[in-house]
Amino acid sequence: MTDRPEFLRKVYFRLPAIGIFVGGLIVWEGMVRIFDIKGFILPAPTAIAATFATETSDLLAAGAGTFSTALAGLLLGGFLAVFTALAAARWRFVRDGALPFAIAANSTPIVVLAPIANSWFGLRSPLGSIFVVAILVFFPVMINLVRGLLSVEASEIELMESYAAGRLATLWKLQFPHATPYLFSALKVAAALSLIGAIVKEFFGGSQERLGQYITTKAGLLQFEEAWAAIVLASLFGIALYNIVVLIERRVIPWHVSVRSA
Amino acid sequence: MSALALRGVGKVFNPGSDQEVRAVHGVDLSAERGEFISVIGPSGCGKSTLLRLIGDLTPPSSGTVLVNGKTPARARLDRDYGMVFQSATLLEWRRVQANVELPLEIMGMDAAERSRQAAAMLELVQLDRFANHYPWQLSGGMQQRVAIARALAFKPSILLMDEPFGALDEMTRERMQSELLRIRAETGTTVVFVTHSIPEAVFLSTRVVIMSPRPGTITEVVDIDLPEPRSDDTREDQRFFELLTDVREGLRAVEDS
């Protein structure tokens, strides 16, 4: 158990953020009531909260569908990115051949592939969404990891050479651990991207049990409380996914400046 | 067979271009097993390049280098070298013990043997209590001692050190020097040591090699006949001061020329 002063100190530390959150909700609620803002423009927080209670099962089903698609795409894209980055760090020709295109692809709005994915994988298949998310995630993770793998100090490479270490040993014992902070900062960006990709893809059709379809359908039916509840849920899933990455990061790289505690 | 034999060794960077630099030129030097050779000279005199030529980190442009009778490349593959640089270059994700084990891991030693060997080395540099610390939790001097333990862990026959104590304060520096001499007495390793400190070179060495820049070449070799084992009293010995003067005059001759 945490001792009490430590716990109080943490609460104290978070007071400004808690204050702004609660204050923001109160201002929002007050504005909606005082100016009688219509629900299709902005529903009150209490109305959205009430919708959560009535629509729980539909919302959770849609949320779970979207979250699992985003997670699958994140894992697939992430793994492919790691393998490609390792190959690019190991073989110069892979790097010189692939990296310019990767950097170019990373500057394009890949999410525009979403409507096309339907014609490739079929409207009902989750593979279309996973595909869009995986591509979206792949490039930033791959490029950042390559950057990390190649940013080791010359003196560290020479140290490995002085031990007559092979290329693989250097990659595995020096370059990859050195690059893990780069990998995690890319994964944190990718976590948000994966939900964006999944939801945008769902805007273009597919199963009703997805947040993207849920939001467009409810908005079309002028049921804005439901649409807003789904938007809040999507945000919560985004924050959750980000924090999962952060938790793993803390376990994997406790030594790094961004994580070290004592 | 001598531990080190250099004949007519030269190194030219960017040959033929207008940025050509003759970093090392016509160097002849040999060392017997167990000798402690310091290389001293003003910055840009090629002393670090000379060390890199010996350690196979850069190939010579001319002449031959033999280490234990072998080419530097062969010697490196045979793991004859332990190297210590000015910065400790510890891997920040490895704890102290794991840093010392790194070369042993690469050499394929089994885990139990590795752990025993690394623990013994940490004891040698008197850091066994810090085996589970991360490098950033240690002071600069302690990090450098870990680097020395790591360099000695696989019992290399020759230790190459490039201003290893250059970033340390004077007090720590003198303690590290005494420690290095004690470690060397225990291991019998041949040492080539690059420094720009005259007292450091004299205190540590069996011979001090003085180099001059443009082109980097050896101008004088001073034999250090201080009695062994050396201690803090050595630093106050009359002979120590005489040798300091010898080396200083050798360096002055370099600067005046």
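Residues numbered from 1 in each chain as written. Chains lettered and ligands numbered in written order. Predicted model: local features only at pLDDT ≥ 70, side-chain atom pairs only at ≥ 80, totals over all residues. Heavy atoms only, no water.

Side note on the overall build of chain B
Item 1. Across its full length, chain B holds eight helices and nine strands.
Item 2. Its C-alpha atoms give chain B principal-axis dimensions of roughly 55 × 45 × 35 Å.
Item 3. Here chain B holds 257 residues, and 54% of them are scored as buried.
Item 4. Per element, the accessible surface of chain B, about 11100 Å² overall, is 48% carbon and sulfur. (Helix = DSSP H or I, 4+ residues; strand = E, 2+ residues; numbered from the N terminus. Buried < 20%, exposed > 50% of the residue type's maximum accessible area, 1.4 Å probe, protein only. Areas by Shrake-Rupley, 256 points an atom, 1.4 Å probe, with all protein chains shown as cover.)

Focus: the environment of A:N144
Residue and element names in this part refer to chain A.
Item 1. With respect to the helices and strands, N144 occurs in helix α6 (residues 126–150).
Item 2. The exposure class of N144 is partly exposed, given its relative accessible area of 22%.
Item 3. Every residue in contact with N144, bar those within four places of it in the chain, is listed here: Y182 and A186. (Contact = heavy atoms within 4.5 Å.)

A short note on the sheet that holds strand β5 (residues 81–84) of chain B
Strand pairing in a sheet takes place through backbone hydrogen bonds and is either antiparallel or parallel in direction.
Residues and elements named next belong to chain B.
Item 1. In spatial order, the strands read β5-β6-β7-β3-β8-β9; together these six strands make up an open sheet with mixed pairing. Two strands close off the open sheet at either side, each with one partner strand: β5 and β9 (217–223). Each neighbouring strand pair of the sheet contributes to a mean axis angle of 20 degrees, computed without reference to strand direction.
Item 2. As paired strands, strand β6 (residues 158–162) and strand β7 (residues 190–195) are joined by five bridges and run parallel to one another. Considered in β7, the bridge of M161 is made with F193. (Pairing = 2+ DSSP bridges. Axes fitted to C-alpha atoms, helices over the stretch in contact; angles between N-to-C directions.)

Considering the nonpolar core
Item 1. A:L149, B:L6, B:V202 and B:V247 are the most contacted members of the largest nonpolar core, which totals 142 residues.
Item 2. With 13 residues, the top contributor of residues to this core is helix α8 (residues 167–203) of chain A.
Item 3. When near neighbours in sequence (up to four residues on either side) are disregarded, A:L149 contacts A:A85, A:L86, A:A89, A:L171, A:Q175, A:F176 and A:A179. (Core = buried A, V, L, I, M, F, W, Y, C linked by side-chain atoms within 4.5 Å.)

A word on the domain arrangement of chain A
Residue and element names in this part refer to chain A.
Item 1. Here the domain parsing of chain A yields domain 1 (1–37) and domain 2 (43–252).
Item 2. Of note, the centres of domain 1 and domain 2, computed from C-alpha atoms alone, are 30 Å apart.
Item 3. In this complex, domain 1 contributes five residues to the contact, which on the side of domain 2 involves six residues.
Item 4. When residues of domain 1 are sorted by the area they lose upon contact with domain 2, W28, E29 and V32 head the list and together hold 85% of the total. (Domains from an automatic or database assignment. Buried area = accessible area lost by both parts, 1.4 Å probe.)

Things to note about the packing of helix α3 (residues 56–90) of chain A against helix α4 (residues 92–106) of chain A
Residues and elements named next belong to chain A.
Item 1. At their nearest, the axes of α3 and α4 sit 5 Å apart, and the two run at 120 degrees to each other. As summarised for this structure, α3 and α4 are arranged oblique, according to the angle between their axes. Along the contact surface, α3 presents A87, A88, A89 and R90, while α4 presents R92, V94 and R95.
Item 2. Here the contact of α3 with α4 is built from residues that sort into four nonpolar, no polar and three charged. (Parallel < 35°, antiparallel > 145°, perpendicular 65-115°, else oblique. Nonpolar A, V, L, I, M, F, W, Y, C, P; charged D, E, K, R; others polar.)

Digging into the packing of α3(A) against helix α9 (residues 211–220) of chain A
Residues and elements named next belong to chain A.
Item 1. Where α3 meets α9, the axes come as close as 8 Å, and the angle between the chain directions of the two elements is 135 degrees. Classed by the angle they form, the pair α3 and α9 counts as oblique. In this structure, α3 contributes D58, L59, A62, G63 and T66 to the contact, and α9 contributes L211, G212 and Y214.
Item 2. Across the contact of α3 with α9, the residue classes tally to four nonpolar, three polar and one charged.

Quick word on the interface of chain B and chain A
Interfaces are often sized by the amount of accessible area the parts lose when they come together.
Item 1. Across the boundary between the two partners, chain B contributes 23 residues, which contact 19 residues of chain A.
Item 2. Buried surface at the junction of chain B and chain A, both sides included, amounts to about 2100 Å², of which 65% is carbon and sulfur.
Item 3. The largest per-residue losses of area from chain B upon contact with chain A belong to B:W93, B:I106 and B:W136, which jointly make up 32% of the total buried on that side.
Item 4. For A:K173, the salt bridge is made with B:E105, and the minimal N-O distance between the two is 2.7 Å.
Item 5. There are six residue pairs in polar contact (both at pLDDT 80 or more) connecting chain B and chain A.
Item 6. Of all the secondary structure elements, the ones that give two or more residues to the side of chain B that touches chain A are α2 (72–77), β5 and α3 (96–106) of chain B. (Salt bridge = Lys/Arg side-chain N within 4 Å of Asp/Glu carboxyl O. Polar contact = N/O pair within 3.5 Å; in protein donor to acceptor, adjacent residues only side chain to side chain.)

Focus: the pairing of β9(B)
All names here are of chain B.
Item 1. Sheet analysis places strand β8 (residues 207–212) next to β9, joined by six bridges and oriented antiparallel. Its bridge partner being in β9, V208 is matched across the sheet by V222.
Item 2. Here β8 folds back onto β9 in antiparallel fashion, the turn holding four residues, of which R214 has a positive phi close to 50 degrees.

Comments concerning the layout of surface pockets
Residues and elements named next belong to chain A.
Item 1. Empty space within the largest pocket amounts to approximately 370 Å³.
Item 2. What lines the largest pocket is a set of 14 residues, among which L74, L75, F79, L187 and I248 lie closest to the centre.
Item 3. Of all the secondary structure elements, the ones that give two or more residues to the lining of the largest pocket are α3, α8 and α10 (224–252).
Item 4. Here the lining of the largest pocket is composed, by residue class, of 13 nonpolar, one polar and no charged.
Item 5. When its volume is computed, the second largest pocket comes out at roughly 310 Å³.
Item 6. Contributions of two or more residues to the lining of the second largest pocket are made by α1 (4–34), α2 (45–54) and α10.
Item 7. Top contributing element to the lining of the second largest pocket by residue count: α2, with five residues.
Item 8. In terms of residue class, the lining of the second largest pocket is made up of ten nonpolar, two polar and no charged.
Item 9. Here the lining of the second largest pocket spans two domains, since at least three of its residues come from each of domain 1 (1–37) and domain 2 (43–252). (1 Å grid on protein atoms, 1.4 Å probe; cavity = no way out; pocket = protein on both sides within 12 Å on 5 of 7 lines; lining within 4 Å. Points joined across faces, edges and corners; volume = space filled by probe spheres on them.)

Considering empty space enclosed by the protein
All names here are of chain A.
Item 1. All chains considered together, the criterion is met by two cavities of 30 Å³ or more.
Item 2. Estimated volume of the largest cavity: approximately 90 Å³.
Item 3. Every residue along the wall of the largest cavity is listed here: L123, R124, S125, P126, S129, K201, E202, G205, G206, S207 and R210.
Item 4. Of all elements in the fold, only α6 and α8 reach the threshold of two or more residues within the lining of the largest cavity.
Item 5. Split into classes, the residues belonging to the lining of the largest cavity amount to two nonpolar, five polar and four charged.

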